[in-house]
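Okay, here's what each chain looks like letter by letter:
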Amino acid sequence: MMKKKSLCASRASLVLFLCQMISSLDVPLDSKLLEELSQPPTITQQSPKDYIVDPRENIVIQCEAKGKPPPSFSWTRNGTHFDIDKDAQVTMKPNSGTLVINIMNGGKAEAYEGVYQCTARNERGAAISNNIVIRPSRSPLWTKEKLEPNHVREGDSLVLHCRPPVGLPPPIIFWMDNAFQRLPQSERVSQGLNGDLYFSNVQPEDTREDYICYARFNHTQTIQQKQPISVKVFSMDSLNDTIAANLSDTDIYGAKPVTERQPVLLTPTGSTSTKVELRGNVLLLECIAAGLPTPVIRWIKEGGELPANRTFFENFKKTLKITDVSEADSGNYKCIARNTLGSAHHVISVTVKAAPYWITAPRNLVLSPGEHGNLICRANGNPKPDISWLANGVPIAIAPEDPSRKVDGDTIIFSHVQERSSAVYQCNASNEYGYLLANAFVNVLAEPPRILTPANKLYQVIADSPALLDCAYFGSPKPEIEWFKGVKGSILRGNEYVFHDNGTLEIPVAQKDSTGTYTCVARNELGKTQNEVQLEVKDPTMIIKQPEYKVIQRYGQVSFECIIKHDSTLSPTVIWLKDNDELPDDERFLVGKDNLTIMNVTDKDDGTYTCIVNTTLDSVSASAVLTVVAAPPTPAIIYARPNPPFDLELTGQLERSIELSWIPGDENNSPITSFVIEYEDGLHEPGVWHYQTEVPGTQTTVQLKLSPYVNYSFRVIAVNEIGRSQPSEPSEQYLTKSASPDENPSNVQGIGSEPDNLVITWESLKGFQSNGPGLQYKVSWRQKDVDDEWTSVIVANVSKYIVSGTPTFVPYEIKVQALNDLGYAPEPSVVIGHSGEDLPMVAPGNVQVFVINSTLAKVHWDPVPLKTVRGHLQGYKVYYWKVQSLSRRSRRHVEKKILTFRGNKTVGMLPGLEPYSSYKLNVRVVNGKGEGPASPDKLFRTPEGVPGSPSFLKITNPTLDSLTLEWGSPTHPNGVLTSYILKFQPINNTHELGPLVEIRIPANESSLILKNLNYSTRYKFYFNAQTSVGSGNQITEEAVTIMDEAGILRPAVGAGKVQPLYPRIRNVTTAAAETYANISWEYEGPDHANFYVEYGVAGSKEDWKKEIVNGSRSFFVLKGLTPGTTYKVRVGAEGLSGFRSSEDVFETGPAMASRQVDIATQGWFIGLMCAVALLILILLIVCFIRRNKGGKYPVKEKEDAHADPEIQPMKEDDGTFGEYRCDIYKHT
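Residues numbered from 1 in each chain as written. Predicted model: local features only at pLDDT ≥ 70, side-chain atom pairs only at ≥ 80, totals over all residues. Heavy atoms only, no water.

Asks: Help me understand the overall build of the chain in this model?
Replies: For the chain, the helix and strand inventory stands at nine helices and 94 strands. A total of 1228 residues make up the chain; the buried ones form 39% of that total. In the chain, 64% of the contacts between residues at least 6 apart in sequence involve partners at least 24 apart. Element-wise, carbon and sulfur atoms account for 51% of the exposed surface of the chain, whose accessible area totals about 68300 Å². (Helix = DSSP H or I, 4+ residues; strand = E, 2+ residues; numbered from the N terminus. Buried < 20%, exposed > 50% of the residue type's maximum accessible area, 1.4 Å probe, protein only. Contact = heavy atoms within 4.5 Å. Areas by Shrake-Rupley, 256 points an atom, 1.4 Å probe, with all protein chains shown as cover.)

Asks: Could you clarify how one ought to interpret the nonpolar core in this entry?
Replies: One recurring pattern in soluble globular proteins is that nonpolar side chains are buried together. Within the largest apolar cluster, 29 residues are counted, with the highest numbers of intra-cluster contacts made by Ile59, Ile61, Trp75, Ile101, Tyr116 and Ile134. At the level of secondary structure, the elements contributing two or more residues to this core comprise β3 (50-53), β4 (59-61), β5 (63-68), β6 (72-77), β9 (99-101), β10 (114-122) and β12 (132-136). When residues in this core are grouped by element, the largest group, three residues, is from β10. What Ile59 contacts, discounting residues up to four positions off in sequence, is Val53, Leu99, Val100, Ile101, Ile103, Ala109, Tyr112 and Ile134. (Core = buried A, V, L, I, M, F, W, Y, C linked by side-chain atoms within 4.5 Å.)

Asks: Help me understand the packing of aromatic side chains, please; the structure alone is not making it clear to me.
Replies: Each aromatic ring pair is characterised by the separation of its centres together with the angle its planes make. One pass over the full model with this rule turns up 24 aromatic pairs. Where Trp861 meets Phe901, the ring centres are 5.9 Å apart and the plane angle is 50 degrees; that geometry is what we call tilted. Separated by 40 residues along the polypeptide, Trp861 in strand β74 (residues 856-862) and Phe901 in strand β77 (residues 897-902) bring together distant segments of the chain. Grouping residues by exposure puts Trp861 and Phe901 together as buried. Here the aromatic rings of Trp967 and Phe1023 are separated by 4.8 Å at their centres, their planes lie at 45 degrees, and the arrangement is tilted. Of the two residues, Trp967 sits in strand β82 (residues 963-970) while Phe1023 sits in strand β86 (residues 1018-1026), which places them 56 residues apart along the sequence. What makes Trp967 buried here is its relative accessible area of 4%. Residue Phe1023 is classed as buried on the basis of its relative accessible area of 0%. (Phe/Tyr/Trp six-rings, centres within 6.5 Å; stacked < 30°, edge-to-face > 60°.)

Asks: What exactly am I supposed to notice about the environment of Ala215 here?
Replies: Position of Ala215 relative to the elements: it lies in strand β18 (residues 208-217). Sequence-wise, Ala215 and Pro165 are 50 residues apart; in three dimensions their C-alpha atoms are separated by 8.3 Å. If we skip the residues at most four places from it in the chain, Ala215 touches Trp142, Pro164, Pro171, Ile172, Ile173, Thr222, Ile223 and Gln224.

Asks: Help me out: how do you make sense of the pattern of salt bridges in this one?
Replies: Pairing is possible between side chains of opposite charge, provided their charged atoms come close. Scanning the model with the defined rule gives 37 salt bridges in all. Residue Asp156 pairs with Arg153 through a salt bridge whose shortest N-O separation is 3.7 Å. Take Asp156: its relative accessible area is 22%, and that puts it in the partly exposed class. The salt bridge involving Asp586 is made with Arg588; its shortest N-O contact spans 3.0 Å. On the basis of relative accessibility, which here comes to 23%, the residue Asp586 falls in the partly exposed class. Accessibility expressed as a relative area gives 13% for Arg588, which makes it buried. Because the salt bridges share partners, they merge into one network encompassing Asp177, Arg208 and Asp210. (Salt bridge = Lys/Arg side-chain N within 4 Å of Asp/Glu carboxyl O.)

Asks: Even after reading the chapter, I still don't get the state of the cysteines, so can you show me in this structure?
Replies: Inspection of every chain in the model, using the stated rule, returns six disulfides. A sulfur-sulfur distance of 1.8 Å marks the disulfide that ties Cys471 to Cys520. Sign of the S-S torsion, about -65 degrees for the bond between Cys471 and Cys520, identifies this disulfide as left-handed. Note that Cys471 is positioned in the loop between β41 (467-469) and β42 (473-476) and Cys520 in strand β46 (residues 516-524), a separation of 49 residues in sequence. Take Cys520: its relative accessible area is 1%, and that puts it in the buried class. (Disulfide = S-S within 2.5 Å.)

Asks: Would you explain the side chain of Ser200 in this entry?
Replies: Residue placement: Ser200 occurs in the loop between β17 (197-199) and β18. With near-sequence residues (within four places) excluded, Ser200 lies in contact with Asp156, Ser157, Glu187, Arg188, Arg261, Ala289, Ala290, Gly291, Thr294, Pro295 and Lys318.

Asks: What am I meant to see in the sheet that holds strand β33 (residues 386-391) here?
Replies: Think of a sheet as strands paired side by side through backbone hydrogen bonds, with each pair either parallel or antiparallel. Read from one edge to the other, the open sheet built from five strands follows the order β30-β38-β37-β33-β34, with strand pairing classed as mixed. Single-partner strands in this sheet number two, and they are β30 (365-367) and β34 (394-395). (Pairing = 2+ DSSP bridges.)

As structure tokens, then:
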């Protein structure tokens, strides 16, 4: 069976009915086809229903329509034909229905007030516009009135009435003073929705004579001013000066001369009122109250919640604003005004009605003769709208009869239509709040089949993948489609094919034998046509030898193979990646036809290498891992740079070449890989050496190309893996002959610096490139695509020439030719430049913003016409700034941000937005000159996000069983707060956490008293805010309830104040010396606590040693410590249930060898040394005297015979120096 994807494949009657509804033809969006088909008129553009015009400007009433043939236009005014030919002030634009009423040349706008309707008609039917009500705007003057001064007692309420003149549209009201400064408003003083200025209570500073109400009429850009209103506030102090003079200062300041009053509503009056608003509009409810102190306003909805995300409070919460209201917003809204003396309230009953809105608007029908169809028009509203039909602008009851048409309420049923059934039908849905009008045509076409897919289109697919062969078609009635393989093949059937409703043939699994010619045949009762397409099935690309896992030693060489097999008609490309990124830009990586080789492998080469093979039809890949390991140790070999070459010789001298030879120096254990030859131009740049060429390290002779008019010297540098040698000694000089230039300047450009010039620049030839003396340049230019002759000028050896008087941003052909005393260089190539740019002329249009989430938005715009760019299009700049936060309703300094999108982009992303805020943006086009004008500012809003953490959490007033929590709302609420979440749990002495308790708190609360807590217990609190989006970050805090000092019973009421307990010892610090350490800490808790210090050797299992601290000091000195030892220490407080601080660790200093000072600098030591030196001198004199007598005594024989006691070392307590005596006797 043949597969058929159709919506009408059901047996159910409902589905059959739907199939009849959608059986109308789909006309393909083919421009050529659309130009040929007849089509009834369609209104494409019209003025708004309520059209308020400026009475000083021409009135333009828009009416544009399309159709085939093009429609003609006519108008009615106030229900009768409007003959524009009889009114010289009225004209209709050519090929359009738009009316232009000339007011600026004598016409009066009031004469053209009325209801206008446009009709667009051709042979297929007539379409009509909405009823367009034309009304000129009005800004009447204020009526003169005598205003009496307002004398008010301090603390009383006051209302200053504005009563602006009735204008069209209504004016915008604001209050200012004589200096045109806005009057400050607050919870006490504010402007109502009716424009009046309300004082909840007046203060002496409210006294002034210039309360002025202004009315701004935006349509005519005029402002009207009411006469100034005077207010005089009488202070109670001034009235009671006599009494105050007899009272002390304390009595004066302690008295309350102004009577405080509970709230009374100034507007609305009474206890209840009603309000009717239309669906989709903004609902504004207002409550302003008098009272002292100034009342605070709160709003609630009885029996429900205020709608999230659509509720806003304005005018210091005196105005409740709900956007985009619906019927669900109907109900009773209560405002409550409260101060310290009481409250007042008012209930506003809100009813939401609805002008008609579409449920199903009628859609155009394109039918074939004899087919069926339906026009459905369904709308809703409150009250429910009436549906009426028109045919070609005439009520269907009196329109010409059509036997194929039947009206059934909101549906017109067509059956067995013919070409004469073509018409435009109008559906009108109306109630007391408005109407909707929609045009929908029925176009009956009889067209033979047409195939829109190009003939002989080639499709290429990979074997075993799907193939989709297109056969886009059109015809009326709808053609039947059949497919054949080959020119004379049989019709295609079977499960191996899928036939789509749009004519496409799908081969789910194409094989090699699927290759061939396929014929699509379309036929209906009016004819038959066919089209051939070609299908080629290619062999898949495969990697037959994949790269393999490799382990390589550092500094080694590794190779990965990637051998592929592919269809012979496809050209594959092979790409290698490292860790899914491009290969490093390193000459060690060599990519071959079938492999990747890495030379001199290093540790950074470790990773995954992937071979990717791409063709135009498929892509395959394979990966392997390379692991780099350390190389085994080898005997050290000394490597060094090579020695410089020597014995340079020039031979075979010619005009343009010469041969250079040399002898290499020592390689120094690293083979020479190449030789670098450099030259010096002694004529133009003496002392400067330039690169000439490089040859392999096995070559010692090279043929060098020379340039004319250069005095050459050469030198050679040897290169190995270690580095470069020192240069060789220069060769002998060789001067070449002069010649005309061989080349022209490079990098020729033409870029205008001003809108009316062209700056031609180039890179001048270097000295040796001039080939001779007298170097100059011939600069030529002409405007591109204009039949002009070249304009030329010869300039000196410079690099710029400016052409003046050019048109703005026009392309020019430019060429620059070098010449010298011997002739011209070859003909230069032509480059294209542009004269100077000017700022863009127009702003981007159709700017649209799509908010993606609370911090990200996407902006779209239409590109500007290239002719208006007047320069090189560099891109677009989007300026955007935050207007206000919707949660705080406060404005701040505007900080504009700029994003630049390069090129001809028409879409961009705006990141980093703040949630729940209003933003504005505009777009500007940028060229090389600068920015064009900005598009109109576009306003958009970001949705709510999760809030930030609360600004603070304080815990105060601890008692035996309660704690008071106070907090501040988040600095960044990022939306409308819905609630706060408080979690808390107890903490015992070992810092273990108890069960967690969670409490949800209303968003309007800022404090809470937790009761029924355990006494003398530490609690940990976790606190965060919530919006409708979710929870924000939490903040934490700890606090302790008061300890029961009685131990068992709680103190009786009035028994005395219980001290709060904050048992916290923190910031324990130590300063250690050799045998002692200073311990200090910070303490929070009851006064007169007794502290102790416990310490021990770190890591030891011995018990802690304890030292009692005298008094309530916060420091202690530990003595008797062992030098060079690590200790642990902690601090505790007596009577705190064993509470201690966290441990700290410190180390004593190393032991010193001794504490002796340098005796070499001491006076007594110097004196002792002097005495010793004197004794030695005396001893030497005595020895010298005895030596002179030594010839009479055989001393040597005595020494050999027995040891003389005198030559033994003396004892320490002997005052002599026996060792010196011994040495002296041995030398005699």
